[in-house]
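Below are the chains, spelled out letter by letter.
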Amino acid sequence: MRCTRVAGPCPPAREIAAPGLSGPFVCATLCPVDLTLGCLKWAAVGFVVAFALLKLFEASHLHDDIPKPAFKLRQTKRATLVLSTFAAMLSALVWLLVQKLD
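Residues numbered from 1 in each chain as written. Predicted model: local features only at pLDDT ≥ 70, side-chain atom pairs only at ≥ 80, totals over all residues. Heavy atoms only, no water.

### As for the packing of aromatic side chains
Across all of its chains, the model carries one aromatic pair by this definition. Taking 5.8 Å as the distance between ring centres and 15 degrees as the angle between the ring planes, the aromatic pair formed by Phe-47 and Phe-51 counts as stacked. Of this pair, Phe-47 and Phe-51 both sit in helix α1 (residues 32-60), four residues apart, roughly one helical turn. For Phe-47, a relative accessible area of 28% translates into the label partly exposed. (Phe/Tyr/Trp six-rings, centres within 6.5 Å; stacked < 30°, edge-to-face > 60°. Helix = DSSP H or I, 4+ residues; strand = E, 2+ residues; numbered from the N terminus. Buried < 20%, exposed > 50% of the residue type's maximum accessible area, 1.4 Å probe, protein only.)

Below, the structure is given as structure tokens:
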């Protein structure tokens, strides 16, 4: 259950009196649309951050005098995409768990 001062777009919202607070709170569960959008936002953040970090790591290990084979470049690009996708799923899952435990 998530309590906020602003009523959300979900219909099952109700007001309760919280002890020690000056006004009533509106308690509502998160809509599936809000959960989906939140997961997608955090997945995008996780993907971009991991992708940028992996590209920076790769750029720091390049040596111009030592040529890299084509398969090694393809393998590096593939690994960067796979690891960035994993980071995106992980950050979306963490965001979802935080919302459910809140």
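There is more to say after this.
### Focus on the nonpolar core
Counting six residues, the largest nonpolar core consists of Leu-35, Cys-39, Ala-43, Ala-88, Ala-92 and Trp-95. Secondary structure elements with two or more residues in this core: α1 and α2 (70-101). When neighbours within four sequence positions are excluded, Ala-92 is seen to be in contact with Cys-39, Trp-42 and Ala-43. (Core = buried A, V, L, I, M, F, W, Y, C linked by side-chain atoms within 4.5 Å. Contact = heavy atoms within 4.5 Å.)

### Considering the pattern of salt bridges
Tallying each qualifying case throughout the model produces one salt bridge. For the salt bridge of Lys-55 with Glu-58, the shortest nitrogen-to-oxygen distance reads 3.6 Å. Residue Lys-55 and its partner Glu-58 are located together in helix α1, separated by three residues, close to a single helical turn. The partly exposed category is assigned to Lys-55, whose relative accessible area is 32%. (Salt bridge = Lys/Arg side-chain N within 4 Å of Asp/Glu carboxyl O.)

### What to know about α1
Its 29 residues give α1 an end-to-end C-alpha distance of 42 Å, which sits within 8% of 42 Å, the value for a rise of 1.5 Å per residue. Burial in α1 covers these residues: Leu-35, Gly-38, Cys-39, Ala-43, Gly-46, Ala-50 and Glu-58. (Expected span 1.5 Å × (residues − 1).)

### A few points about the confidence of the model for the protein
Mean pLDDT for the protein: 77, with 67% of residues reaching 70 or above. Contacts for the low-pLDDT stretch residues 1-8, under 50 throughout, to residues beyond four places or in other chains number 19 contacts. (pLDDT = per-residue confidence, 0-100.)

### Comments concerning the packing of α1 against α2
It is the contact of α1 with α2, at a shortest axis distance of 7 Å, that shows an interaxial angle of 145 degrees. In the crossing of α1 with α2, the sense of the turn from one axis to the other is right-handed. Its residues placed into classes, the contact of α1 with α2 shows 15 nonpolar, eight polar and four charged. (Axes fitted to C-alpha atoms, helices over the stretch in contact; angles between N-to-C directions. Left-handed = near helix turned anticlockwise from the far one by under 90°. Nonpolar A, V, L, I, M, F, W, Y, C, P; charged D, E, K, R; others polar.)

### Structural notes on the environment of Ala-50
Relative to the helices and strands, Ala-50 is located in helix α1. Residues Ala-50 and Thr-80, 30 residues apart in the sequence, show an inter-C-alpha distance of 8.4 Å.

### Topic: a nonpolar patch on the surface
A surface patch of nonpolar side chains, amounting to about 820 Å² of accessible area, comprises Phe-86, Met-89, Leu-90, Leu-93, Val-94, Leu-97, Val-98 and Leu-101. Within the secondary structure layout, Leu-101 lies in helix α2. Judged by its relative accessible area of 74%, Leu-101 is exposed. (Patch = residues over 30% accessible without salt bridge, like charges linked within 9 Å, V, L, I, M, F, W, Y side chains within 5 Å. Areas by Shrake-Rupley, 256 points an atom, 1.4 Å probe, with all protein chains shown as cover.)

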